Amino acid sequence: MAKKNRTQTPPRAAAADSPATLKDLLSSDVLSKLKAQADELKAEEKQRQEAARQAVEDQRKAEQKRLENDFGHLLENSKQDWHKFK
């Protein structure tokens with residue numbers, strides 16, 4: 001069985017060799033404002049998802065309550081083994 005030759009990955013370039021990124025070019029106050037805005041948007045999205053989940057849950061509970069009061073539905077979904085209740 002022959003040994004597989006594995007290629008060696010070159011070491012990563014130092015930070016000084018890499019090109020300037022947008023984060024490096026922006027001032028700290030602009031960067032902090034952008035981070036605050038991103039956090040605010042994430043919080044709004046989370047709140048919107050929670051409101052949607054709560055609305056679905058309330059709708060499900062209302063439908064369940066309506067079905068519990070519907071005699072036809074209860075009769076169709078009940079077990080027909082009445083002997084065990086005698």
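### Concerning the overall build of the protein chain
At step 1: Counting secondary structure elements, the protein chain contains 3 helices and 0 strands.
At step 2: Its helices and strands in sequence order give the protein chain the pattern α-α-α, from N to C terminus.
At step 3: Taking all 86 residues of the protein chain together, the buried fraction comes to 1%.
At step 4: Counting every atom, the protein chain has about 9000 Å² of accessible surface; 56% of that belongs to carbon and sulfur.

### Remarks on the confidence of the model for the protein chain
At step 1: With 85% of its residues at a pLDDT of at least 70, the protein chain reaches an overall mean of 83.
At step 2: Within the protein chain, helix H1 (residues 22-25) has the poorest average pLDDT of any element, 75, and helix H2 (residues 28-68) the best, 94.

### What to know about the pattern of salt bridges
At step 1: Within this structure, the stated rule accounts for 4 salt bridges.
At step 2: One salt bridge in this structure joins Glu-45 and Arg-48, with 2.8 Å as the shortest N-O distance. Note that Glu-45 and Arg-48 are positioned in helix H2 at a spacing of 3 residues, about one turn of the helix.
At step 3: The exposure class assigned to Glu-45 is partly exposed, which follows from its relative accessible area of 34%.

Procedures and definitions
Residues numbered from 1 in each chain as written. Predicted model: local features only at pLDDT ≥ 70, side-chain atom pairs only at ≥ 80, totals over all residues. Heavy atoms only, no water. Helix = DSSP H or I, 4+ residues; strand = E, 2+ residues; numbered from the N terminus. Buried < 20%, exposed > 50% of the residue type's maximum accessible area, 1.4 Å probe, protein only. Areas by Shrake-Rupley, 256 points an atom, 1.4 Å probe, with all protein chains shown as cover. pLDDT = per-residue confidence, 0-100. Salt bridge = Lys/Arg side-chain N within 4 Å of Asp/Glu carboxyl O.

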